[in-house]
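Close look at the chain arrangement
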Amino acid sequence: MNKESVGIVETQYYDINEPITLDSGKTLEKVTVAYETYGELNKEKTNAILICHALTGDAHAAGWHEGDRKPGWWEIVIGPGKALDTEKFFIICSNVLGGCKGTTGPSSINPETGKQYGLDFPVITIRDMVKVQKKLVDSFGISQLYAIIGGSMGGMQVLDWMVTYPAMMKKAVPIATTGLSSPQQIAFNEVGRQAIFSDPNWNNGNYYETGKIPENGLSLARMIAHITYLSDESMDIKFGRDLQDKEEISYDFSIDFQVESYLKHQGETFVKRFDANSYLFITKAVDLFDLSVNDSLIDGLKEVECKTEVISVDSDWLYPTEQSTELVTALNVNNVEVSFSEIKSNYGHDAFLLERGQLNHILSKFLSSSTVEDLMMEKIATIKADADVQDAAKLMLDKHVTHIPVVTDENKLIGIVTSWDLSKSIATNSNQLIDIMTTTVKYCHADDTIEEIARQMRKFDISCLPVVDEDMAVLGLITTDQISNLLG
Ligand SMILES: CC(=O)SCCNC(=O)CCNC(=O)[C@H](O)C(C)(C)COP(=O)(O)OP(=O)(O)OC[C@H]1O[C@@H](n2cnc3c(N)ncnc32)[C@H](O)[C@@H]1OP(=O)(O)O
Ligand SMILES: N[C@@H](CCO)C(=O)O
C-alpha cells in the first residue's frame, strides 16, 4: 500500500426508505445504495465531491479492501496530496442503480417474489441512477456538492446532475463522455447484449438458481467492449504481432497471438466480477442517454449553472474529442464558465483510468479555489431586523451557525447578528435584534479572490463575511474555516 493511499476502506450501505419512481413510470419500492467515502466532511458541509463510476465500476474508487491485490479503480487521483485530496475534500462514490456491487440491481432480491429480479428489474436510465445518488447525498445533509466528477458513463451521470440539479454543485468535470449516445456506441452495446442473449445459460435472465451463469456470452460481450476501450496504437505497443507461449503459428484455432490471449483473460476475469443481467440493464441506460432537447444540446444544457471542465482523450475513438467539444460549445452558448482539456495518450478511452500525471494536473488546477464563489456557502439562513433575539438564537441552534445576515424584505444586507451579539443582548437586557445587531457590516462579492478576502478577514479579525451582489442582495456566506479547510 503506498503512503498516498487512503488505506484500508470498507463499502457501506444506505437504504432509501421511500419508493423511487423511474423514468419508465415504474417504481422500485426498496433501493439499497452501496457507497464509500474518503476524507472528512467539514462542519459547513461544503467540501464534498461526488465521483461517478463508469460502466463496470463500483463504489470502491480508492484505498484497499482487506486482502485485495489491487486498490480502488481511481486510486491514481484520490488520496492525500493527490488532485482529489482527502485532506481537503470529502469524497463519495456509490455503485449505480442496476449494478451488481451492492446497490439494488437485477441480481438483488425482488421483495415481491423473494427471488432475484432478473428481467423483472425495470429498465433504468442515467437519470434514475442520478436520482438515487441524490438521495444518498441528501442523507449526509449536504445541500451543495463542491464538485461532481466522472468518466465515460460516469461523465453521463455528471452531465445529468448538471441539468437535473443545477444548483447542487459548484463545479463539474465530465470526462471522455458525450451528451448523447451515438449510433456507433449503441451498436457496440447491442452486440454485447446479443452475445449474452445467445448464451443458453442466460435462460431469459433466470440463471441465478440454475447455478449456470452465461459465462461465454458475458465474456464475449466484454472482449468486444474492451477493444473499444483501447487504441490501435496501444494494442500495437502492448502486443504487436507477438505470439503467445509459442514460437510458431499453429495453423489451427488455438490462441496464436498475445492479443487473443489478453482479450480472453479480460473476458474471463470480467465474468468473475460482473453480473450478465446488470450488463444488459446498464448498457441499455447508456444507450438511452440523450440530453438534447429538440435535437439540440444547447437547449438541453440551458439550465446548467456550475463551472465546468470538460476532458477528452485524443486517442479515444469510442467517445471521441468531437463529442466533448460539442459539449463545450453548447455550454459556452449557454454562458456557462467552461474550460476544456484534451489528454494526450495512446491508451484510448481507458486513459481516464490510467493517465495519472495529466489527470492530477488538470483536476487539481480546476478544483483549486480562486474566487469567493468557489467556496461560499449558498442557501444560508437570514433574518429580518424586526425579529427578536430569541428568534435569532433559535435559528443559530437549528442551523448550527454563529453568524446570520440581517436582510430587508428584498433580501438586501443591512446587518449581521453573531453569537457574540446575543451575549450582548443579555448584558444590555435588550430583546430586539435591531438593538444588538452590527450594522456597519463588512461584506464581499462572489468574484473577489480568496487571497483578497482572506487578507481583509485577517486585517479586521473577522471569521465570516456575507457575500452580496451589486444590489447588496445576500448570495451566501464565507468563513475562515472554509478557506483554511479547502486551501489546505
Ligand atoms: C470506473 C471504472 O471504470 S472501473 C472499471 C475499470 N476496470 C476495468 O475496466 C477492468 C478491466 N480493464 C482493464 O484492465 C483496463 O485496461 C485498465 C484500464 C483498468 C487497466 O489497464 P492496464 O493497467 O493498461 O492493464 P492491461 O490492459 O494491460 O491489462 C492487464 C491485465 O492483462 C493481463 N495480460 C496482459 N497481457 C496478457 C496476455 N498476453 N495474456 C493474458 N493476459 C494478459 C495481465 O496479466 C493483467 O491481468 P490482471 O488484470 O488480471 O492483473
Ligand atoms: N473500462 C471501463 C470504462 C468503460 O467506459 C469500464 O469497464 O467501466
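Every chain is numbered independently, its residues counted from 1 as its sequence is written. For naming, the first written chain is A and the first written ligand is 1, with later ones following in the order written. This being a predicted model, a pLDDT of at least 70 is required before a residue's local features are given, and a value of 80 or more before pairs of side-chain atoms are given or counted; all residues contribute to the totals for chains, interfaces and linings. To obtain the side-chain values, all non-hydrogen atoms of the structure were used and water was disregarded.

Take the sheet that holds strand 11 (residues 307-313) next. Paired through their backbone hydrogen bonds, the strands of a sheet run either parallel or antiparallel. Strands qualify as paired when DSSP identifies two bridges or more between them. Where helices and strands are cited, they refer to DSSP runs of H or I of at least four residues and of E of at least two residues respectively, numbered from the N terminus. Read across the open sheet, the eight strands follow the order 1-4-6-5-9-10-11-12; overall the sheet is mixed. The sheet is open, and its two edges are formed by strand 1 (12-16) and strand 12 (338-343), each paired on a single side. The average undirected angle you get between the axes of adjacent strands in this sheet is 20°. For strand 10 (residues 169-175) and strand 11, the ladder comprises three bridges, and the chain directions are parallel. Looking across to strand 11, one finds that isoleucine 175 is bridged to isoleucine 311. In the packing of helix 2 (residues 153-164) onto the sheet, the strands contacted are strand 5 (48-52), strand 9 (145-151), strand 10 and strand 11, and the crossing angle to strand 9 comes to about 145°. Orientation is described by axes fitted as lines to C-alpha atoms, over the contacting stretch for helices, and by angles from 0 to 180 degrees between their N-to-C directions. Residue contacts are counted whenever heavy atoms from the two residues lie within 4.5 Å of one another.

This part takes up the pattern of salt bridges. A carboxyl oxygen of Asp or Glu within 4 Å of a side-chain nitrogen of Lys or Arg is what we treat as a salt bridge. Taken as a whole and assessed by the stated rule, the structure comprises 17 salt bridges. Measuring nitrogen to oxygen at the nearest pair gives 2.7 Å for the salt bridge that ties arginine 193 to aspartate 287. Of the two residues, arginine 193 sits in helix 3 (residues 183-197) while aspartate 287 sits in helix 7 (residues 276-288), which places them 94 residues apart along the sequence. The residues arginine 193 and aspartate 287 share a single accessibility class, namely buried. Buried residues are those whose accessible area, probed at 1.4 Å on protein chains only, stays under 20% of the maximum for their type, while exposed residues exceed 50% and partly exposed ones sit between those limits.

As a further point, take the domain arrangement of the protein chain. The source of the domain bounds is an automatic or database domain assignment. Partitioning the protein chain into structural domains gives domain 1 (12-180 + 288-368) and domain 2 (374-487). Between domain 1 and domain 2, the C-alpha centre-to-centre distance is 34 Å. Each side of the interface is counted separately: domain 1 has 15 residues, and domain 2 has 12 residues. Looking only at domain 1, the three residues that lose the most surface to domain 2 are Glu44, Lys88 and Lys170, adding up to 40% of its buried area. For the interface between domain 1 and domain 2, the tally reads four salt bridges. Here's the idea: put two parts together, see how much 1.4 Å probe accessible area each one loses, and the total over both is what we call buried area.

Quick look at the site of ligand 2 now. Summary of the distance rule: residues count as near a molecule or strand when at least one heavy atom falls within 4 Å of that molecule or strand. In the vicinity of ligand 2, the contacting residues are Ala54, Leu55, Thr56, Ser152, Arg222, Tyr229, His349, Asp350, Phe352 and Leu353. Separating an oxygen atom of ligand 2 from a side-chain N or O atom of threonine 56 is a distance of 2.6 Å. Serine 152 has a polar side-chain atom sitting 2.6 Å from an oxygen atom of ligand 2. When ligand 2 is considered free in solution it has 260 Å² of accessible area, and contact with the protein chains removes 94% of it. In terms of residue class, the shell around ligand 2 is built from five nonpolar, three polar and two charged. Distance and chemistry together define a polar contact, namely a pair of N or O atoms within 3.5 Å, with one atom able to donate a hydrogen and the other to accept it when in protein, and with adjacent residues in sequence counting only for side-chain atoms on both sides. In short, Shrake-Rupley with a 1.4 Å probe defines the accessible areas, and a residue's cover is counted only from the protein chains shown. Put simply, Ala, Val, Leu, Ile, Met, Phe, Trp, Tyr, Cys and Pro go in the nonpolar bin, Asp, Glu, Lys and Arg in the charged bin, and everything else, Gly too, in the polar bin.

Within strand 18 (residues 474-479), five of the six residues are buried, which leaves it mostly tucked inside the rest of the structure. Across five bridges, the pairing between strand 17 (residues 464-468) and strand 18 is antiparallel. Considered in strand 18, the bridge of proline 466 is made with leucine 477. The hairpin turn running from strand 17 into strand 18, its antiparallel successor, is five residues long, and methionine 472 in that turn takes a positive phi close to 70°.

UniProt positions are given in the numbering used here, feature names are shortened, and annotations may be inferred rather than shown by experiment. The UniProt record annotates "binding site: substrate" (unreviewed entry) at Arg222 and Asp350. A maximum C-alpha distance of 13.8 Å is found for the annotated residues, which run over 129 residues; spatially they form one tight group. Along the chain, arginine 222 turns up in helix 4 (residues 215-229). Overall, arginine 222 belongs to the buried group, its relative accessible area being 8%. When near neighbours in sequence (up to four residues on either side) are disregarded, arginine 222 contacts Thr56, Tyr229, Gln266, Gly267, Phe270 and Arg273. Tracing the sequence through the fold places aspartate 350 in the loop between strand 12 and helix 10 (356-367). With relative accessibility at 14%, the residue aspartate 350 sits in the buried group. Setting aside anything within four residues of it in sequence, one finds aspartate 350 in contact with His226 and Tyr229.

As a matter of local geometry, ligand 1 sits amid 20 residues, with Arg222, Lys238, Ser261, Tyr262 and His265 nearest to it. With respect to ligand 1, the side chain of serine 261 contributes an N or O atom lying 2.6 Å from a nitrogen atom. The fraction of the free accessible surface of ligand 1 (980 Å²) that becomes covered by protein chains is 69%. Counting residues per element, the ones that place at least two in the shell around ligand 1 are helix 4 and helix 6 (258-273). Taken together, the residues that form the shell around ligand 1 break down as five nonpolar, nine polar and six charged.

The sites that carry the UniProt feature "domain: CBS" (unreviewed entry) are, in the present numbering, residues 376-433 and 437-488. Annotated as 38% helix and 22% strand, the span residues 376-433 places its first and last C-alpha atoms 25 Å apart.

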